[in-house]
Amino acid sequence: VLAKALLNMHEKLVVAANEDEKRNWTTTGLANFGEILRSNQENVDELSNQIISSIIKYLKANQGALFIVNDEDVDKPHLELTACYAWDKQKFIKKTVNRGEGLAGQVWLERKSLYLIDIPENYVQITSGLGAACPNALLVVPLIINEEVYGILEIASFNKFKTHEIEFVEKLGESIAATLSGSKMNAKTKNLLE
């Protein structure tokens, strides 16, 4: 009976330690990203590059993209790729996505995160000098604050994302959306003042 109680207590301590580790990982990550978000509010391109490269490194993912909603043309808003990152390098790619188009456009339309582990072969390829392969996991998260979508984060990885990692990216998405909202307001105010 005593041995059983000790084993039970040991299991509970291991579970509690794992939960503490996940909480600390999330708290540390949010604090680090808070600093990034505060430091570059003036330059959206620079901010986008820092956000996506830091997220990929923090999640130990392989590649990612950050799309920001461009609603300058009120009749035809679209997502604009502002930052792309893969294999520890910033990529320079021009791309726009309409609402409902592809996975990013669908997430924009539905306003809900999408997590895929069965990724269509032609959707994305992760390539290096050693060859090319499809990722094992794809996470697409809308950047929402006050019921408005400001952008989309798309992250591909050979490793499957854990529940606490997905929740972390969703929480971070709210912070990024708040920063993008503030940047948009600052840009509009600056234009009006000029």
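The structure this text deals with has already been given above.
Just so you know, these numbers come straight off a predicted model, no measurement behind them.

**Concerning the overall build of the protein chain**
Helix and strand counts for the protein chain stand at 4 helices and 9 strands. Ordered by position from N to C terminus, the α and β elements of the protein chain give α-α-β-β-β-β-α-β-β-β-β-β-α. With 194 residues in all, the protein chain has 38% of them scored as buried. For the protein chain, the computed accessible surface area is about 12000 Å², with 52% contributed by carbon and sulfur atoms.

**Focus on the pattern of salt bridges**
Per the counting criterion, the structure on display carries 4 salt bridges. Measuring nitrogen to oxygen at the nearest pair gives 2.5 Å for the salt bridge that ties R23 to D20. Taken together, the residues R23 and D20, both in helix 1 (residues 2-39) and 3 residues apart, mark about one turn of the helix. Looking at R23, the relative accessible area reads 46%, which means it is partly exposed. Residue classification places D20 among the partly exposed residues on the basis of a relative accessible area of 39%.

**Focus: the side chain of T26**
Inspection of the secondary structure puts T26 in helix 1. Among residues more than four places away in sequence, those in contact with T26 are H164, F168 and K171.

**Overview of the packing of aromatic side chains**
Within this structure, the stated rule accounts for 6 aromatic pairs. Judged by centre distance (6.2 Å) and plane angle (85°), the ring pair of F33 and Y58 falls under edge-to-face. Of this pair, F33 sits in helix 1 while Y58 sits in helix 2 (residues 44-59), placing them 25 residues apart in sequence. Members of the aromatic cluster, connected to one another through ring pairs, are W25, F33, Y58 and F168. Its end group placed over the ring of W108, R99 keeps NZ or CZ at 4.3 Å from the ring centre.

**Here we look at the packing of helix 1 against helix 4 (residues 163-193)**
Packing of helix 1 against helix 4 leaves a shortest axis separation of 10 Å and a crossing angle of 20°. In terms of orientation, helix 1 and helix 4 fall into the roughly parallel class. Taken as a pair, helix 1 and helix 4 cross one another with a handedness that is right-handed. Listed contacts from helix 4 to K22, W25, T26, G29, L30, F33 and L37 of helix 1 are H164, E165, F168, K171, L172, S175, I176 and T179. The residue makeup of the contact of helix 1 with helix 4, split by class, is 7 nonpolar, 5 polar and 3 charged.

**Points about the nonpolar core**
In globular proteins that are soluble, nonpolar side chains generally tend to be buried together. Counting residues in hydrophobic clusters, the biggest one holds 29 residues, and the most contacted among them are I55, L153 and I176. Contributing elements (two or more residues each) for this core: helix 1, helix 2, strand 1 (63-70), strand 2 (78-86), strand 8 (137-145), strand 9 (148-157) and helix 4. Ranked by residues supplied to this core, first place goes to helix 4 with 7 residues. The next biggest cluster of nonpolar side chains, apart from the first, holds 16 residues, and it includes A65, L81, A104 and L138.

**Structural notes on unusual backbone geometry**
Here the phi dihedral of N146 falls at roughly 50°; this positive angle occurs in a residue that is not glycine. Structurally, N146 is set in the loop between strand 8 and strand 9. The backbone of E147 shows a phi angle near 65°, a positive value even though the residue is not glycine. Inspection of the secondary structure assignment puts E147 in the loop between strand 8 and strand 9. The class for E147 is exposed, based on a relative accessible area of 65%.

**What to know about the packing of helix 1 against helix 2**
Following both chains from N to C, one finds helix 1 and helix 2 inclined at 165°, their axes separated by 10 Å at the closest point. With respect to their mutual orientation, helix 1 and helix 2 come out roughly antiparallel. Our pair here, helix 1 against helix 2, has a crossing hand that is right-handed. Facing W25, T28, G29, N32, F33, I36, L37 and S39 of helix 1, the residues of helix 2 in contact are L47, Q50, I51, S54, I55, Y58 and L59. Of the residues that constitute the contact of helix 1 with helix 2, the class distribution is 9 nonpolar, 6 polar and no charged.

Parameters and conventions
- Residues numbered from 1 in each chain as written.
- Predicted model: local features only at pLDDT ≥ 70, side-chain atom pairs only at ≥ 80, totals over all residues.
- Heavy atoms only, no water.
- Helix = DSSP H or I, 4+ residues; strand = E, 2+ residues; numbered from the N terminus.
- Buried < 20%, exposed > 50% of the residue type's maximum accessible area, 1.4 Å probe, protein only.
- Areas by Shrake-Rupley, 256 points an atom, 1.4 Å probe, with all protein chains shown as cover.
- Salt bridge = Lys/Arg side-chain N within 4 Å of Asp/Glu carboxyl O.
- Contact = heavy atoms within 4.5 Å.
- Phe/Tyr/Trp six-rings, centres within 6.5 Å; stacked < 30°, edge-to-face > 60°.
- Lys NZ or Arg CZ within 6 Å of the ring centre and 35° of its normal.
- Axes fitted to C-alpha atoms, helices over the stretch in contact; angles between N-to-C directions.
- Parallel < 35°, antiparallel > 145°, perpendicular 65-115°, else oblique.
- Left-handed = near helix turned anticlockwise from the far one by under 90°.
- Nonpolar A, V, L, I, M, F, W, Y, C, P; charged D, E, K, R; others polar.
- Core = buried A, V, L, I, M, F, W, Y, C linked by side-chain atoms within 4.5 Å.

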